[in-house]
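Understanding the architecture of this molecule
Spelled out, the chains give:
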Amino acid sequence: MGSVAALRRVKNAIAVARAVLEHTEHTLLVGDQATAFAIAMGFTNESLTSDWSRESHLKWRQNNCQPNYWRAVTPDPQKSCGPYKPLSLKKKSSDHLQQRRTHLVDRTHHDTIGAVAIDAQGRIASGTSTNGATHKIPGRVGDSPIVGAGSYCDQEVGGAAATGDGDVILRYLVSYQAVENMRRGMAPEAAAKEVLGRIPAKFPTAQIGLVVVSAKTGAYAASCLNIVGGFPYVVGVAPGGVQNKTAKCIG
Ligand code: GLY
């Protein structure tokens, strides 16, 4: 495995992750040093700002930086862009600490792509890549680069890849758990539903999509939480081309 997080100024993060896998004995490189590694490996150092991203950021600032991921800080993060300071212990109510944003991460707030593939020799691989949640706090690392959360695979069992609210996916190590469910005998669909089914009790509005593939049979399934209209995914079987599918959500 290999991964990068908080990578700036380099396109195609998953190719840099692959370079970590192929050219190092490490697992995860982050931040400026990940960028330096990428440049040493031949990637281009370039601005990733686009007209769309500049405009989206400007509109967000004009809207007092709403929504955002801060809590228990002053000035009120639901009204102001900061800079913020922590609320003093006396002023922190349990409401502040328990307050959980709803619907901050839906399908319009990230651009995650996950994949699981089995080659002609039956070798399985998985990967996930993303720009991360829109308007995240700088430095935030989501689920995608964390193997076990954003994706996971085991040659003996199968693979999984997740998309959606990374801060929730991380808490449940959704991809790892789906693969472990298959190891314990579940088919891909049951494996996906079991792990997603743990989440609504604590995070009833989290939007998550998950694909799961068995390395033994090639059987696959997808499932989701709170994605209106279901979770669109694509299945490709060589040489038959690709099929667009939509998984129904369990919640
Ligand atoms: N799943 C993408 C993210 O939360 O960063």
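Cut-offs applied
Residues numbered from 1 in each chain as written. Predicted model: local features only at pLDDT ≥ 70, side-chain atom pairs only at ≥ 80, totals over all residues. Heavy atoms only, no water. Helix = DSSP H or I, 4+ residues; strand = E, 2+ residues; numbered from the N terminus. Rg over C-alpha atoms; globule rule 2.2 N^0.38 Å. Buried < 20%, exposed > 50% of the residue type's maximum accessible area, 1.4 Å probe, protein only. Contact = heavy atoms within 4.5 Å. Areas by Shrake-Rupley, 256 points an atom, 1.4 Å probe, with all protein chains shown as cover. Lys, Arg positive; Asp, Glu negative; His and termini not counted. Charge placed at Lys NZ, Arg CZ, Asp CG, Glu CD. Pairing = 2+ DSSP bridges. Core = buried A, V, L, I, M, F, W, Y, C linked by side-chain atoms within 4.5 Å. Arc of directions from axis to C-beta. Axes fitted to C-alpha atoms, helices over the stretch in contact; angles between N-to-C directions. Salt bridge = Lys/Arg side-chain N within 4 Å of Asp/Glu carboxyl O. Phe/Tyr/Trp six-rings, centres within 6.5 Å; stacked < 30°, edge-to-face > 60°. Near = heavy atom within 4 Å. Polar contact = N/O pair within 3.5 Å; in protein donor to acceptor, adjacent residues only side chain to side chain. Disulfide = S-S within 2.5 Å.

Focus: the overall build of the protein
Helices and strands together make up the secondary structure of the protein, namely 7 helices and 12 strands. Against the globule reference of 18 Å for 251 residues, the protein gives a C-alpha radius of gyration of 19 Å, in line with a compact fold. Taking the principal axes of the C-alpha coordinates as reference, the protein spans close to 55 × 45 × 30 Å. Within the span of the protein, comprising 251 residues, buried residues form 40% of the whole. Residue pairs in contact within the protein that sit at least 24 positions apart in sequence constitute 52% of those at least 6 positions apart. Total accessible area on the protein stands at roughly 14,500 Å², and carbon and sulfur atoms take up 53% of it. Each charge sign in the protein was given a centre, from 28 positive and 19 negative side chains, and these centres are 7 Å apart.

As for the pairing of strand E9 (residues 208–214)
Counted residue by residue, E9 has 7 buried out of 7 residues, so it is predominantly covered. As paired elements, strand E8 (residues 158–164) and E9 share 7 bridges and run antiparallel to each other. Bridge assignment links Ala-161 to a residue of E9, and that residue is Val-211. With 6 bridges joining them, E9 and strand E10 (residues 220–225) adopt antiparallel strand pairing. Residue pairing in the sheet places Val-213 in a bridge with Tyr-220 of E10.

Focus on the nonpolar core
Across soluble globular proteins, nonpolar side chains show a tendency to be buried alongside one another. Formed by 23 residues in total, the largest nonpolar core has its most connected members in Val-168, Val-174, Leu-196, Ile-199, Ile-208, Leu-210 and Val-212. Sorting the residues of this core by element identifies E8, helix H5 (166–172), helix H6 (174–183), helix H7 (188–197) and E9 as the ones contributing at least two each. Leu-7, Val-20, Phe-37 and Ala-38 belong to the second-largest nonpolar core, a separate cluster that totals 11 residues.

Some points on H7
Within the span of H7, buried status applies to Pro-188, Ala-191, Ala-192, Val-195 and Leu-196. Along H7, the residues classed as buried sweep out an arc of 120 degrees about the axis, all on the same side.

Considerations on the sheet that holds strand E7 (residues 151–154)
A sheet is described by the order of its strands in space; here 4 strands give the open sequence E7-E8-E9-E10, paired in antiparallel fashion. Of all strands in the sheet, those bounded by a partner on one side alone are E7 and E10. Neighbouring strand axes in the sheet, compared pairwise and without regard to direction, differ in orientation by 10 degrees on average. The strands touched by H6 within the sheet are E7, E8 and E9, with E8 carrying the most contacts at an inclination of about 150 degrees. Across the sheet, H7 is in contact with E9 and E10; its angle to E10 comes to roughly 20 degrees.

With respect to the pattern of salt bridges
The full count for this structure, using the stated rule, is 11 salt bridges. A salt bridge links Glu-22 to Arg-18, with the nearest nitrogen and oxygen atoms 2.8 Å apart. Of the two residues, Glu-22 and Arg-18 are both situated in helix H1 (residues 13–23); the distance of 4 residues between them amounts to about one turn of the helix. What makes Arg-18 exposed here is its relative accessible area of 54%. For the salt bridge of Asp-51 with Arg-54, the shortest nitrogen-to-oxygen distance reads 3.4 Å. Of the two residues, Asp-51 and Arg-54 both sit in helix H3 (residues 51–62), 3 residues apart, roughly one turn of that helix. Several salt bridges share partner residues, and in doing so they unite Asp-154, Glu-180 and Arg-183 into one network.

Quick notes on the packing of aromatic side chains
All told, the structure shown has 4 aromatic pairs when counted by the stated rule. Measuring from ring centre to ring centre gives 5.0 Å for Tyr-152 and Tyr-176, while their planes differ by 75 degrees; the resulting arrangement is edge-to-face. Of this pair, Tyr-152 sits in strand E7 while Tyr-176 sits in helix H6; the two residues are 24 residues apart in sequence, bridging distant segments of the chain. For the ring pair Tyr-172 and Phe-203, a centre distance of 6.2 Å and an interplane angle of 85 degrees mean the geometry is edge-to-face. In this pair, Tyr-172 sits in helix H5 while Phe-203 sits in the loop between H7 and E9, placing the two residues 31 residues apart along the sequence.

Topic: the site of the ligand
Every residue lining the ligand is accounted for by Thr-112, Thr-130, Gly-132, Ala-133, Arg-140, Asp-143, Ser-144, Gly-164 and Gly-166. Ala-133 is positioned with one of its backbone polar atoms (N or O) 3.4 Å from an oxygen atom of the ligand. Computed on the free molecule, the ligand has an accessible area of 200 Å², of which 99% lies beneath the protein chains in the complex.

Re the state of the cysteines
For the coordinates displayed, the defined rule picks out 2 disulfides. There is a disulfide in this structure between Cys-224 and Cys-249, and the S-S distance comes to 2.1 Å. Disulfide Cys-224-Cys-249: torsion about the S-S bond near -110 degrees, hence left-handed. A residue pair is termed long-range when its members are at least 10 positions apart, and Cys-224 in strand E10 and Cys-249 in the segment after strand E12 (242–247) qualify at 25 residues. On the basis of relative accessible area, Cys-224 is assigned to the buried category, the value being 0%. Here Cys-249 falls in the partly exposed class, since its relative accessible area comes to 23%. In the protein, numbering the disulfide-bonded cysteines from first to last in sequence yields the connectivity 1-2, 3-4.

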